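Examination of the molecular architecture
Chain residues, written in single-letter form:
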Amino acid sequence: LAAFFGIKLLAVLSVAGATAAFTVVAERTWGSASIWAARCFAVAAAASVISAAFLYGLGLAFALTALVALSPGRPWIFAALVALTFAASPLAFVLLLVIVAGIAASRSRRDVAKPAFGIACVGAVAVLLWRLFPGGGRFPFSTVELLAALAFCGIGLVLTWRVERARILRSF
């Protein structure tokens, strides 16, 4: 895609796509109360271009678009977007898994059966690829950063504990 569009345009399209998809998902979930969340996401997504994490940005755009396709019940489009998410960024794929697990924890099993099957198929291909092409990488973040992330999640859990409209966030 970068060879076709150019890396700069692809980065802008990724940010725009991720922001549009986030806005749709947030508005479907929380209505007009999500306007500031969408604006903050837009600023943060645009600022992430500075880090040059273009593949993650593209994967994030695909992952959020997959969540948009999840709502109307289009399992094949969702599965294709999950595959594109994994192809662009395994990290964005893992984030999508965590989000879908949070959605699944807040809904009935019947609502998540088809999306789970699509994710399982892509996950099986991912495991096969990692077995065929093993890597010896390491995660470059310290324990202090992990503790900060866990503290942030803990604060989010406390703030959403008795808020019914935040049920998906609490599960996430």
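Predicted, not measured: the structure shown is a model, and the values here were computed from it.

Here we come to the packing of aromatic side chains. Describing an aromatic ring pair means giving the distance of the ring centres and the angle of the ring planes. Under the definition given, this model contains 4 aromatic pairs. Ring geometry for phenylalanine 4 versus phenylalanine 5: centroids 5.0 Å apart, planes at 85°, classification edge-to-face. Phenylalanine 4 sits in the exposed class, given a relative accessible area of 69%. Taking 4.3 Å as the distance between ring centres and 10° as the angle between the ring planes, the aromatic pair formed by phenylalanine 22 and phenylalanine 41 counts as stacked. One end of the pair, phenylalanine 22, is in helix α2 (residues 7-30); the other, phenylalanine 41, is in helix α3 (residues 35-47), and 19 residues separate them in sequence. A relative accessible area of 21% means that phenylalanine 22 is categorised as partly exposed. Judged by its relative accessible area of 17%, phenylalanine 41 is buried. Here the aromatic cluster, defined as three or more aromatic residues joined through ring pairs, consists of Phe86, Phe93 and Trp130.

Along its 24 residues, α2 runs 34 Å from first to last C-alpha, staying within 8% of the 34 Å computed at 1.5 Å per residue. Within α2, burial applies to Leu10, Ala11, Ser14, Val15, Ala18, Thr19, Ala21 and Ala26. Those residues of α2 that are buried are in contact with α1 (2-5), α3 and α4 (54-70). Count one or two residues on from α2 and you reach glycine 31, which has phi positive near 70°.

Looking now at the nonpolar core. Residues Leu64, Leu67, Phe78, Val82 and Leu96 are the most contacted members of the largest nonpolar core, which totals 30 residues. Tallying contributions element by element places α4 first for this core, with 11 residues. Beyond its immediate stretch of four places on either side in the chain, leucine 64 contacts Ala18, Ala21, Phe22, Val25 and Phe41.

Relative orientation of the contacting elements helix α5 (residues 75-88) and helix α6 (residues 90-106) amounts to 140°, with a least axis distance of 5 Å. Regarding the angle of α5 to α6, the classification is oblique. For the pair α5 and α6, the contacting residues are Phe78, Val82, Thr85, Phe86 and Ala88 in the first and Pro90, Ala92, Phe93, Leu96 and Val100 in the second. Split into classes, the residues belonging to the contact of α5 with α6 amount to 9 nonpolar, 1 polar and no charged.

Here α5 contains 14 residues, and its C-alpha end-to-end distance of 20 Å stays within 8% of the 20 Å for a straight helix at 1.5 Å per residue. All of the buried residues in α5 are Phe78, Ala79, Leu81, Val82, Thr85, Phe86 and Ala88.

Thresholds, definitions, all that
- Residues numbered from 1 in each chain as written.
- Predicted model: local features only at pLDDT ≥ 70, side-chain atom pairs only at ≥ 80, totals over all residues.
- Heavy atoms only, no water.
- Phe/Tyr/Trp six-rings, centres within 6.5 Å; stacked < 30°, edge-to-face > 60°.
- Buried < 20%, exposed > 50% of the residue type's maximum accessible area, 1.4 Å probe, protein only.
- Helix = DSSP H or I, 4+ residues; strand = E, 2+ residues; numbered from the N terminus.
- Expected span 1.5 Å × (residues − 1).
- Contact = heavy atoms within 4.5 Å.
- Core = buried A, V, L, I, M, F, W, Y, C linked by side-chain atoms within 4.5 Å.
- Axes fitted to C-alpha atoms, helices over the stretch in contact; angles between N-to-C directions.
- Parallel < 35°, antiparallel > 145°, perpendicular 65-115°, else oblique.
- Nonpolar A, V, L, I, M, F, W, Y, C, P; charged D, E, K, R; others polar.

None of this, on its own, says anything about what the molecule does.
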